[in-house]
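Notes for the structure review
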Amino acid sequence: MSSTVAPKAYRNFINGEWVEARGEKAYENRNPANTEELIGMFPVSGAEDVEAAVEAAKEAYKKWRLTPAPKRAEILFRAAELLVQRKEQYSKDMTREMGKVLAETRGDVQEAIDMTYYMAGEGRRLFGQTTPSELPNKFAMSVRQSIGVCGMITPWNFPMAIPSWKMMPALVSGNTVVLKPGEDTPLSSYNLVQALTEAGLPRGVVNLVNGDGPGAGAPLVKHRDVPVISFTGSCGTGREIAAACAPEFKHYSLEMGGKNIIIVMDDANLDLAVDGAIWGGFGTTGQRCTAASRVAVHRAVYKEFVERFVERARALRAGDGLDSAVDMGPLINEGQLKTVMNYVEIGKNEGARLAAGGNRLTEGKYAKGWFHEPTIFADCTPKMRIAQEEIFGPVVSVLPVSSLDEALEVANGVVYGLSASIYTRNVNRAFAAARDLYTGIVYVNAPTIGAETHLPFGGTKQTGNGHREAAIAAIDFFTEWKTIYIDYSDRLQRAQIDNA
Ligand code: UN1
């Protein structure tokens, strides 16, 4: 680098202070649209840093747990206000480190704002139940209790939204947090933690430890004082986390892969379906776990749909997400680009018809980034690898189908079950699909992406392990039920025996 200005050195946040990693090592955070742009240096943390963060979170938990929930919520509310004020700056920071276009990073910050306000509201609810006892002069109720230090491992594709999905419900419920963010996008977590801190979060309640999975993530997952782990990322890492959590029966929530589908029936509004397939398939450069990477189209409209879809995909402009004329940013890093290029080869070798794209972009303004053309494979069959495996890039596989039943069989015929969508104007088909798609999320006449924060988010089968994020489902994960019986009869009353 010829620049004389040293890049900003960011730090971990432990016990209310910005501190260097013990090993004093740092790594570079670079812009995926222009790798010559160095965004900053971030700490490479190890087990000792995790230890200090967990220790701080454990100590802070003693008071935070007893802080009235509405008071905890007020801090969240103030953090949301700060995020609103800083939305534009934080969105630009995110585009620079993650690559997605500004409209989308604004959406990502907005999702964090929504979640933070929403969970702030929950501070005055956190309802339990009261119910009559089966015995006289006895009172029965259930309350939520916090659990302790929650370890969070988050990905790079929603660098502010996903940490907020995990942190806000955990915090309003009285837990404390150690966050290990995706190493490709640490600045957005830094910004989120900064906002929470300025909003008045007491020291130690949230701790931020940067670094990679083996160095910082693994010691966090295994730490004996971290009873809860919340993870979003790949199935491979999820499997390791599950195994690491099993011996101590930790609570762990896994949000992993998807192979989401859009079904286009012969009665669909085709303009709308094409719009949906473009946005669902190529939004965020296909790097959403909810991305529509399969489209099953009824044979009666197949040819027309593919023609229009291909035309629209070819017209998408790739480039730097800060440029308002750009529709689609780069891949996050070289590894992800290579994965995409590899799947393009696999698709060709399997005999799918490459109908659009298929190449890495390297000329001119693309030379310094990880760009790939929006790519469509037509005439795919359900068992092809490109129709089965998560690619996490701008590659969509289109499959012809002859009926709703066949479409549903194709839809459910993968190991994942996150999101699915159907385009139809027939209410009977819409309801049948909504019932029979075995996924955590179903859309009718809308693409597979765009979850809202006050509804449960997550998937069936290998997408997850049965938990849901967002909504009250998140509160369920970050609390334990406690049932309290108060016997004011002044005598021994035996349940099931003395009430006969
Ligand atoms: C993800 O891709 O990991 O539903 C989450 C959506 C977003 C969240 C996606 N709000 O598309």
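Residues numbered from 1 in each chain as written. Predicted model: local features only at pLDDT ≥ 70, side-chain atom pairs only at ≥ 80, totals over all residues. Heavy atoms only, no water.

Turning our eyes to something else, we now look at the overall build of the protein chain. Tallying secondary structure elements over the protein chain gives 14 helices and 23 strands in all. Against the globule reference of 23 Å for 500 residues, the protein chain gives a C-alpha radius of gyration of 24 Å, in line with a compact fold. The principal-axis extent of the C-alpha atoms belonging to the protein chain is close to 80 × 70 × 40 Å. Going through the 500 residues of the protein chain one by one, you find that 56% of them count as buried. Here the contacts in the protein chain between residues at least 6 apart in sequence split such that 75% fall between residues at least 24 apart. (Helix = DSSP H or I, 4+ residues; strand = E, 2+ residues; numbered from the N terminus. Rg over C-alpha atoms; globule rule 2.2 N^0.38 Å. Buried < 20%, exposed > 50% of the residue type's maximum accessible area, 1.4 Å probe, protein only. Contact = heavy atoms within 4.5 Å.)

Let us look at the pairing of strand 6 (residues 138–145). Side chains of strand 6 alternate between two faces, with Lys138, Ala140, Ser142 and Arg144 buried and Phe139, Met141, Val143 and Gln145 left unburied. Summarising the sheet, strand 5 (residues 129–132) and strand 6 pair through four bridges and their orientation is antiparallel. Note that in strand 6 the partner of glutamine 129 across the bridge is serine 142. What sits between the antiparallel neighbours strand 5 and strand 6 is a turn of five residues, in which asparagine 137 has the positive phi angle 50°. In terms of strand pairing, strand 6 meets strand 23 (residues 480–487) through eight bridges, oriented antiparallel. Counterpart to arginine 144 in the pairing with strand 23 is tryptophan 481. (Pairing = 2+ DSSP bridges.)

Turning our eyes to something else, we now look at the nonpolar core. If you look at the biggest cluster of nonpolar residues, it comprises 60 residues, and the most contacted ones within it are Met119, Met167, Leu171 and Leu196. The biggest single contributor to this core is helix 5 (residues 161–172), with eight residues. Taken domain by domain, this core gets at least three of its residues from each of domain 1 (12–256 + 464–483) and domain 2 (261–444). What leucine 171 contacts, discounting residues up to four positions off in sequence, is Trp64, Arg72, Leu76, Val177, Leu196, Leu201, Val205 and Val206. Of all hydrophobic cores here, the second largest spans 30 residues; its members include Ile261, Ala296, Ala387 and Ala433. (Core = buried A, V, L, I, M, F, W, Y, C linked by side-chain atoms within 4.5 Å. Domains from an automatic or database assignment.)

Spatially, the three strands line up as an open sheet ordered 5-6-23, and their pairing is antiparallel. Of all the strands in the sheet, just strand 5 and strand 23 have a single pairing partner and so form its edges. Within this sheet the neighbouring strands show an average axis-to-axis angle of 20°, counted without direction. (Axes fitted to C-alpha atoms, helices over the stretch in contact; angles between N-to-C directions.)

What follows concerns the site of the ligand. Close to the ligand lie Glu111, Asn157, Phe158, Ile162, Trp165, Arg288, Cys289, Thr290, Ile449, Gly450, Ala451 and Phe457, which account for all nearby residues. In this structure, an oxygen atom belonging to the ligand sits 3.2 Å away from a side-chain N or O atom of asparagine 157. The backbone of cysteine 289 places a nitrogen or oxygen atom 2.7 Å from an oxygen atom of the ligand. Taking 320 Å² as the accessible area of the ligand by itself, protein coverage stands at 99%. Each residue belonging to the shell around the ligand can be placed in one class, and the counts come to seven nonpolar, three polar and two charged. (Near = heavy atom within 4 Å. Polar contact = N/O pair within 3.5 Å; in protein donor to acceptor, adjacent residues only side chain to side chain. Areas by Shrake-Rupley, 256 points an atom, 1.4 Å probe, with all protein chains shown as cover. Nonpolar A, V, L, I, M, F, W, Y, C, P; charged D, E, K, R; others polar.)

Moving on to the sheet that holds strand 18 (residues 395–401). Strand order in the open sheet formed by seven strands is 14-17-18-13-12-20-21, and the pairing between neighbours is mixed. Both edges of this open sheet fall to strand 14 (353–356) and strand 21 (441–444), since each of them pairs with a single strand only. Taken pair by pair, the neighbouring strands of this sheet meet at an average axis angle of 20°, ignoring direction. Of the strand pairs in this sheet, strand 20 (residues 419–423) and strand 21 are connected by four bridges, and their pairing is parallel. In the sheet register, alanine 420 faces strand 21, and the bridge partner there is valine 442. Here helix 9 (residues 270–282) sits on the sheet and contacts strand 12 (260–264), strand 13 (292–298), strand 17 (375–378), strand 18 and strand 20; the angle it forms with strand 12, its principal contact strand, is near 170°. Here helix 11 (residues 334–350) sits on the sheet in contact with strand 14, strand 17 and strand 18, set at roughly 20° to strand 17.

Moving on to the side chain of serine 142. With respect to the element layout, serine 142 can be found in strand 6. Side chain to side chain, serine 142 and glutamine 129 meet in a polar contact 2.5 Å long. In contact with serine 142, not counting residues within four places along its chain, are Gly128, Gln129, Trp481, Lys482 and Thr483.

Further remarks concern the domain arrangement of the protein chain. Domain annotation for the protein chain reports domain 1 (12–256 + 464–483) and domain 2 (261–444). When each unit is reduced to the centre of its C-alpha atoms, the spacing between domain 1 and domain 2 is 31 Å. Contact between domain 1 and domain 2 buries roughly 2,000 Å² in total, counting both sides, with carbon and sulfur atoms accounting for 63%. Together, Ala33, Glu104 and Trp156 form the three largest contributors to the area buried by domain 1 at its contact with domain 2, with a combined 26%. (Buried area = accessible area lost by both parts, 1.4 Å probe.)

On to the pattern of salt bridges. Applying the stated criterion across every chain yields a total of 31 salt bridges. A salt bridge links lysine 100 to aspartate 108; the nearest nitrogen and oxygen atoms lie 2.8 Å apart. Take lysine 100 and aspartate 108: they sit in the same class, and that class is buried. Salt-bridge contacts for lysine 348 lead to glutamate 345; the nearest nitrogen and oxygen are separated by 3.2 Å. Placement of the pair is lysine 348 and glutamate 345 together in helix 11, with a separation of three residues, close to one helical turn. Overall, lysine 348 belongs to the partly exposed group, its relative accessible area being 38%. (Salt bridge = Lys/Arg side-chain N within 4 Å of Asp/Glu carboxyl O.)

According to the stated counting rule, one finds zero disulfides in the structure shown. With no disulfide partner, cysteine 245 has as its closest neighbouring cysteine sulfur the one in cysteine 150, 12 Å distant. (Disulfide = S-S within 2.5 Å.)

Helix length check: helix 5 (12 residues) gives 17 Å between terminal C-alpha atoms against 16 Å at 1.5 Å per residue, within 8%. Of all 12 residues in helix 5, 12 are buried, a share of seventy percent or more. What helix 5 keeps buried is the set Ala161, Ile162, Pro163, Ser164, Trp165, Lys166, Met167, Met168, Pro169, Ala170, Leu171 and Val172. Where helix 5 ends, the next residue or the one after it, glycine 174, has phi of about 100°, a positive value. (Expected span 1.5 Å × (residues − 1).)

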